[in-house]
Amino acid sequence: MSLPHAILTALLEKPSSGLELTRRFDRSIGYFWSATHQQIYRELGRLEESGLIRELPHEAAARGGRKEYEVLPAGRAELVGWVAEQQDPKPVRDALLLRLRAAATVGAAGLDTELARHLGLHRAQLAEYREIERRDFPADSAERENRLQHLVLQAGIKLEAFWVEWLTEAAAVLERPD
């Protein structure tokens, strides 16, 4: 996924200012594609220069003089084309996995603390995702857009549940005497 496509998606969901986009990234999209405030503003400028988005007329803009943007037909077409593209899965690149591999050779001194820290972080993220699911996705929701957004959240839940299970197993292996 690329930042321009994440921004186009967010703007199609709701025309927004850069500040609003930053807040929305912090609350949703950022769980799967993070971006800083500066990156978002830079990309908004590029998207506008490319004719994919435009600033809303001032009478429609947010109070306080903030620029609000909306997606133009060319931006929608770009996003539609990108959604249909083929893209291979990315290989896993996780330093913790590599550190465990190295520990098999040089010993695991101190690694148990790091595994416990990671386990705590993943448990916290899993709890947060489950709270979002409880709050934002009632069981009776039937709208396709809502179901697809829920599916993305469920991927996050399953990934975090995997890491909690795997880290628990890894910690147990480290605790066993040789």
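Let me begin by describing the structure that accompanies this report. The shown structure was predicted, so the numbers you read here are calculated from the model rather than taken from an experiment.

Okay, the pairing of strand E3 (residues 68-71) next. Pairing of strand E1 (residues 16-17) with E3 involves two bridges; the strand directions are antiparallel. Opposite Ser17, over in E3, you have Glu68 as the bridge partner. One ladder, built from three bridges, connects strand E2 (residues 53-55) with E3; its direction is antiparallel. Across the sheet, residue Glu55 finds its bridge partner in E3, namely Tyr69.

Our focus in this paragraph is the packing of aromatic side chains. If you walk through the whole model with that rule in mind, you get four aromatic pairs. Considering the side-chain rings of Phe162 and Trp163, the 5.2 Å spacing of their centres and the 70° angle between planes classify their relative orientation as edge-to-face. Look at Trp163 and you get buried, because its relative accessible area is 16%. Linked through ring pairs, Tyr31, Phe32 and Tyr129 together constitute an aromatic cluster.

With that settled, the discussion passes to the pattern of salt bridges. Counted according to the given criterion, the structure contains seven salt bridges. Among the salt bridges present, the one from Glu43 reaches Arg46, with a minimum N-O distance of 3.1 Å. Residue Glu43 and its partner Arg46 are both found in helix H3 (residues 37-49); the two are separated by three residues, about one turn of the helix. One salt bridge in this structure joins Arg134 and Glu131, with 2.5 Å as the shortest N-O distance. Of the two residues, Arg134 and Glu131 are both situated in helix H6 (residues 111-136); the distance of three residues between them amounts to about one turn of the helix. When salt bridges that share partners are traced, they join Arg99, Glu114 and Arg117 into one network.

This part is about H6. With 26 residues, H6 should reach 38 Å at 1.5 Å per residue; the first-to-last C-alpha distance of 37 Å fits that figure. Within H6 the residues assigned to the buried category are Leu111, Glu114, Leu115, His118, Leu119, His122, Leu126, Tyr129 and Ile132. Lining the buried residues of H6 we find helix H5 (95-106) and helix H7 (144-175).

Here we come to the side chain of His5. Take His5: it is sitting in helix H1 (residues 3-13). The exposure class of His5 is buried, given its relative accessible area of 8%. Reaching out from His5, the side chain makes a polar contact with the side chain of Ser2 at a distance of 2.3 Å. Residues within four places of His5 in sequence aside, it is in contact with Glu78, Leu79 and Trp82.

What counts, and where the lines are drawn
- Residues numbered from 1 in each chain as written.
- Predicted model: local features only at pLDDT ≥ 70, side-chain atom pairs only at ≥ 80, totals over all residues.
- Heavy atoms only, no water.
- Pairing = 2+ DSSP bridges.
- Helix = DSSP H or I, 4+ residues; strand = E, 2+ residues; numbered from the N terminus.
- Phe/Tyr/Trp six-rings, centres within 6.5 Å; stacked < 30°, edge-to-face > 60°.
- Buried < 20%, exposed > 50% of the residue type's maximum accessible area, 1.4 Å probe, protein only.
- Salt bridge = Lys/Arg side-chain N within 4 Å of Asp/Glu carboxyl O.
- Expected span 1.5 Å × (residues − 1).
- Contact = heavy atoms within 4.5 Å.
- Polar contact = N/O pair within 3.5 Å; in protein donor to acceptor, adjacent residues only side chain to side chain.

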